[in-house]
Amino acid sequence: MLQGVIVKSYNSYYYVQTSNKVTMCTLRGRFKKERFSLLVGDEVKFTMLGEDKGVIEEIMPRQSMLRRPMVANVDQVILTFAAVNPDINTVLVDRFLVLAELSRLKIIIGINKLDLANTDELSSLISLYRNIGYQVITLSAKHNVGINELKGLLSDHISVFSGPSGAGKSTILNAIEPGLKLNTGEVSEKIGRGKHTTRFAELLPLSGGGFVVDTPGFSFTEFNDVSEMELIECFPEIAKISPACKFSTCLHLKEPQCAVKQAVHDGVITQQRYDSYIEILTAIKEAKKGF
Ligand SMILES: Nc1nc2c(ncn2[C@@H]2O[C@H](COP(=O)(O)OP(=O)(O)OP(=O)(O)O)[C@@H](O)[C@H]2O)c(=O)[nH]1
Ligand SMILES: [Mg+2]
Ligand SMILES: [Zn+2]
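Okay, so let's go over this structure. (Residues numbered from 1 in each chain as written. Chains lettered and ligands numbered in written order. Predicted model: local features only at pLDDT ≥ 70, side-chain atom pairs only at ≥ 80, totals over all residues. Heavy atoms only, no water.)

## Observations concerning the sheet that holds strand β5 (residues 53–59)
Move 1: An order of β1-β2-β3-β5-β4 is seen for the five strands of this closed barrel, with the pairing classed as mixed. The sheet shows a mean angle of 55° between the axes of neighbouring strands, direction not considered. (Pairing = 2+ DSSP bridges. Helix = DSSP H or I, 4+ residues; strand = E, 2+ residues; numbered from the N terminus. Axes fitted to C-alpha atoms, helices over the stretch in contact; angles between N-to-C directions.)

Okay, structure coming up:
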């Protein structure tokens, strides 16, 4: 049997990449009966049916699953922002960070369009996230800055690029692997598009080994499926201090003897991050009321 990774799924066919080619495969009937949903990123074993088609016989255990987009065995999420246009700010970064932290995958923050940036403002934002422990890399896809460093971080991994529309995700990927020829465009041209163009997640192979997934940028409307306690875990520096609060159920709002609020007061946790936390917590509470 041959072994490979599903790079694309379309019209009930699975495209399985082995070292030298991609084979169009169907799935053995028994898997369909089990209602097992195979995802892009799953490792499978298959046998050939004739010259160029295959049948998937075995599905290897899944290491991880990302929900948005639905991809199995992702190693890391590259959260991509533009320094300018669309402008970066901590609220935007924190909202994307929460969604990425829910996956419990490794996160790298990439800040693109360095060529347009006001470096003073940007460097204080960068130190804010580095101080929390996040890896932050700066890029200019247009001027080929940081592209090689990023390329090194991607090799032999499955990496998902996510972040606001117009941040330059597709442009960065084209700079890393010109053969990909992904669509890029001005932010203004994108308005009205996107929402109805269903794009399926696809693993794009890198010549240096590994795969990337380009995703269309999206904006947030809700944090519906996040609980208040899960939210705390999405802010590493808050989660670390939480156990010192008087109440184990402390949401760090108005509770007495709250270690988190004390840490904000002492400057151990930044006001910006605490404000983001409160904003998202409020959104979660509002969403709960709606039911
Ligand atoms: N000045 C500058 N412009 C850039 C840079 N990288 C990308 N752009 C421009 O930013 C715009 C958006 O780039 P895309 O790569 O389409 O952005 P995206 O993140 O893929 O956007 P979606 O696919 O809508 O999520 C394009 O006009 C790019 O040419 C950069 O480093 N500097
Ligand atoms: Mg794009
Ligand atoms: Zn507290």
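## Considerations on the coordination of the zinc ion (ligand 3)
Move 1: The protein atoms that coordinate the zinc ion (ligand 3) are C245 (SG), C250 (SG), H252 (ND1) and C258 (SG), at distances spanning 2.0 to 2.4 Å.
Move 2: In this structure, the zinc ion (ligand 3) is coordinated by four donor atoms arranged in tetrahedral fashion, with angles at the metal of 103 to 116°.
Move 3: The sequence pattern formed by the donor residues of the zinc ion (ligand 3) is C-x4-C-x1-H-x5-C. Like C250, C245 is buried. (Donors = N, O, S within 2.8 Å, 3.2 Å for Na, K, Ca; no water. Tetrahedral: all angles 85-135°; square planar, octahedral: opposite > 155°, others 65-115°. Buried < 20%, exposed > 50% of the residue type's maximum accessible area, 1.4 Å probe, protein only.)

## Examining helix α3 (residues 119–132)
Move 1: Given a rise of 1.5 Å per residue, 14 residues ought to cover 20 Å, and the 20 Å separating the end C-alpha atoms of α3 matches this to within 8%.
Move 2: Those residues of α3 not exposed but buried are L122, L125, I126, L128 and Y129. When α3 is viewed along its axis, its buried side chains cluster within an angular range of 150° and face the same direction. Exposed residues on α3 whose side chains face more than 90 degrees from its buried face are T119, D120 and N131.
Move 3: Tucked inside the fold, the buried residues of α3 contact α2 (90–102), β9 (106–112), β10 (135–138) and α10 (271–289). (Expected span 1.5 Å × (residues − 1). Arc of directions from axis to C-beta. Contact = heavy atoms within 4.5 Å.)

## Thoughts on the environment of I176
Move 1: Relative to the assigned elements, I176 resides in helix α5 (residues 169–176).
Move 2: Using a relative accessible area of 2% as the deciding quantity, one classes I176 as buried.
Move 3: Spatially, the C-alpha atom of I176 lies 15 Å from that of K113, the residues being 63 residues apart in sequence.
Move 4: Look past the residues within four positions of I176 in its chain and what remains in contact with it is I147, L150, K151, L154 and L206.

## Some details on the site of ligand 1
Move 1: What surrounds ligand 1 is a group of 22 residues, the closest being D115, S165, K169, T171 and G217.
Move 2: S170 places a side-chain nitrogen or oxygen 2.9 Å from an oxygen atom of ligand 1.
Move 3: A total of 660 Å² of accessible area belongs to ligand 1 in isolation, and the protein chains cover 90% of it.
Move 4: With three residues, the single largest contributor to the shell around ligand 1 is α5.
Move 5: Of the residues that constitute the shell around ligand 1, the class distribution is five nonpolar, ten polar and seven charged. (Near = heavy atom within 4 Å. Polar contact = N/O pair within 3.5 Å; in protein donor to acceptor, adjacent residues only side chain to side chain. Areas by Shrake-Rupley, 256 points an atom, 1.4 Å probe, with all protein chains shown as cover. Nonpolar A, V, L, I, M, F, W, Y, C, P; charged D, E, K, R; others polar.)

## As for the nonpolar core
Move 1: Counting residues in each nonpolar core, the largest one holds 44 residues, and the members touching the most others are I56, I109, I111, Y129 and L203.
Move 2: The element that contributes the greatest number of residues to this core is α3, accounting for five residues.
Move 3: Each of domain 1 (2–60) and domain 2 (66–214) contributes no fewer than three residues to this core.
Move 4: Apart from residues no more than four positions distant in its own chain, L203 is found in contact with V5, I6, V7, V40, G41, V71, I158, F211, V212 and V213. (Core = buried A, V, L, I, M, F, W, Y, C linked by side-chain atoms within 4.5 Å. Domains from an automatic or database assignment.)

Keep in mind these numbers describe shape, not what the thing actually does.
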